[in-house]
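Architecture and fold: a report
Read off the chains here:
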Amino acid sequence: MPKATTLVVIICALGFAVSAAHAQQTQGAGKLYRYVDERGKVHYLDRPPTEAAGKPIDQLNRQGAVLKQGEAAPTPEQLAAREADKRRQQEEQIRVREENRRNQALLDTYASEKDIEDSRARAIAAANESIRDSKAKLAEALKRQEKLKAEAEFYQKREMPAQLKQEVRNNEREIAMQQEAIDKREREIGAINARHDEDRRRYLEITKSAPKGSGLASAQPVSTAATSPSKR
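Residues numbered from 1 in each chain as written. Predicted model: local features only at pLDDT ≥ 70, side-chain atom pairs only at ≥ 80, totals over all residues. Heavy atoms only, no water.

**Things to note about the nonpolar core**
By size, the foremost hydrophobic cluster in this structure holds 9 residues: Ile124, Ala127, Ile131, Leu138, Ala141, Ile175, Ile182, Ile189 and Ile192. Residues within four places of Ile192 in sequence aside, it is in contact with Arg120, Ala123, Ile124 and Ala127. (Core = buried A, V, L, I, M, F, W, Y, C linked by side-chain atoms within 4.5 Å. Buried < 20%, exposed > 50% of the residue type's maximum accessible area, 1.4 Å probe, protein only. Contact = heavy atoms within 4.5 Å.)

Here's what the structure looks like:
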């Protein structure tokens, strides 16, 4: 190859290399970074300022126009507030899911408002039956108590036989047990009424707020005269 041609090739290659290097420099130097330090002094750098971590950093072009406005890193208080808000949202989602589950379970249990009142009547009737049984046993124990007291009269001035002492203790326990059972069942009746009142309130709330055609049962009038269990 002639020397002149070789020289031209070399010059062209050098020109391309210089242009590429200039383009890289221009590209790298095409942005400025601006931030404000703790003393309020504004800094301009041609590289991302590592010393400004946690501060808002603006990106500018060489003419000073803002290309991208930086945002400050969140403070510990802001992070805590975001975390608290996230927890509240999660708790609300859990509450809504649980409420939906309970509502569906209620609708699966009762097909109408009357079903709720029938369930109430059955539960109260069962509790009353248990109370009657305990009252009968209590009456027998009280009668037995009077008989044992009469037998104990003979031993006021001498030692009471061990068997009689044991019978007295057993009878006293029976009286206490039956009275406790009666009190428990009477408290249960109050709980039964409270539970069914709440079920009825929720059932009416769900069915009345449900859109038409949703398949939910419509409320029916309740019979307040139900005093005995009904057969379904």
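More follows now that the structure is in view.
**A short note on the packing of helix 2 (residues 76-109) against helix 4 (residues 162-209)**
For the pair helix 2 and helix 4, the least separation of the axes is 10 Å and the interaxial angle reads 100°. Accordingly, the angle class assigned to the pair helix 2 and helix 4 is roughly perpendicular. On helix 4, the residues that touch Arg102, Asn103, Leu106 and Leu107 of helix 2 are Asp199, Arg202, Tyr203, Ile206 and Thr207. (Axes fitted to C-alpha atoms, helices over the stretch in contact; angles between N-to-C directions. Helix = DSSP H or I, 4+ residues; strand = E, 2+ residues; numbered from the N terminus. Parallel < 35°, antiparallel > 145°, perpendicular 65-115°, else oblique.)

**Describing the pattern of salt bridges**
Counted under the stated rule, the structure contains 18 salt bridges. Taking the shortest distance from any N to any O, the salt bridge between Glu205 and Arg201 comes out at 3.2 Å. Here Arg201 and Glu205 lie together in helix 4, a separation of 4 residues that amounts to about one turn. Taking the relative accessible area as the measure of exposure, Arg201 reaches 41% and is therefore partly exposed. What you see here is one network of salt bridges that share partners, running through Glu113, Glu117, Arg120, Asp197 and Arg200. (Salt bridge = Lys/Arg side-chain N within 4 Å of Asp/Glu carboxyl O.)

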